[in-house]
Amino acid sequence: MDMLGLAMLTADKPVVIFSKSTCCMSQTVKALICSFGANPEVIEIDKMQNGHQIERALIQLGCRPSVPAVFIGQQFIGGADKVIGLNIQNKLAPLLLNAKAIFIWGRA
């Protein structure tokens, strides 16, 4: 698995989260993105035969730790710290809107 392989896994999907089923931060990021009404494609690399290859490609991309790794609009966003930071700065919803992961968002 290389960068091209990662690109193929994220192609045509508004939000892709690479995760491990046992990772609490992966669960947190999934819940956060779903709270906006998005329906992310979740790839549980610990449940895949080639999961170790995907994990190596994520590490080469700069993911440390390797999961969660979030792609929005086919662009690598980052891990839990980055996604939570974007949410705090009110920048996560616009990214989701631009990627067509959600279609409406209004803050009260």
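Because the structure is a prediction, the values reported are computed rather than measured.

1. Some details on the sheet that holds strand E3 (residues 69-72)
The strand order across the open sheet built from 4 strands is E2-E1-E3-E4, with neighbouring strands paired in mixed fashion. The outermost strands of the open sheet, each flanked by one partner alone, are strand E2 (41-44) and strand E4 (75-78). Adjacent strand axes in the sheet meet at a mean angle of 25 degrees when their direction is disregarded. Bridging between strand E1 (residues 15-19) and E2 involves 4 bridges; their strand directions are parallel. Bridge pairing links Ile 17 to Val 42 in E2.

2. Comments concerning helix H2 (residues 24-35)
Along its 12 residues, H2 runs 16 Å from first to last C-alpha, staying within 8% of the 16 Å computed at 1.5 Å per residue. Among the residues making up H2, those that are buried are Ser 26, Val 29, Lys 30, Leu 32 and Ile 33. The arc that holds the buried residues of H2, viewed along the axis, is 160 degrees, so those residues lie on one side. Of the residues trailing H2, Gly 37 is marked for its positive phi of about 95 degrees.

3. Topic: the confidence of the model for the chain
Mean pLDDT over the chain stands at 91; residues scoring 70 or higher make up 94%. Within the chain, no element has a lower average pLDDT than helix H1 (residues 3-10), which sits at 77, and none a higher one than helix H4 (residues 80-88), at 97.

Each value, and the rule that gives it
- Residues numbered from 1 in each chain as written.
- Predicted model: local features only at pLDDT ≥ 70, side-chain atom pairs only at ≥ 80, totals over all residues.
- Heavy atoms only, no water.
- Pairing = 2+ DSSP bridges.
- Helix = DSSP H or I, 4+ residues; strand = E, 2+ residues; numbered from the N terminus.
- Axes fitted to C-alpha atoms, helices over the stretch in contact; angles between N-to-C directions.
- Expected span 1.5 Å × (residues − 1).
- Buried < 20%, exposed > 50% of the residue type's maximum accessible area, 1.4 Å probe, protein only.
- Arc of directions from axis to C-beta.
- pLDDT = per-residue confidence, 0-100.

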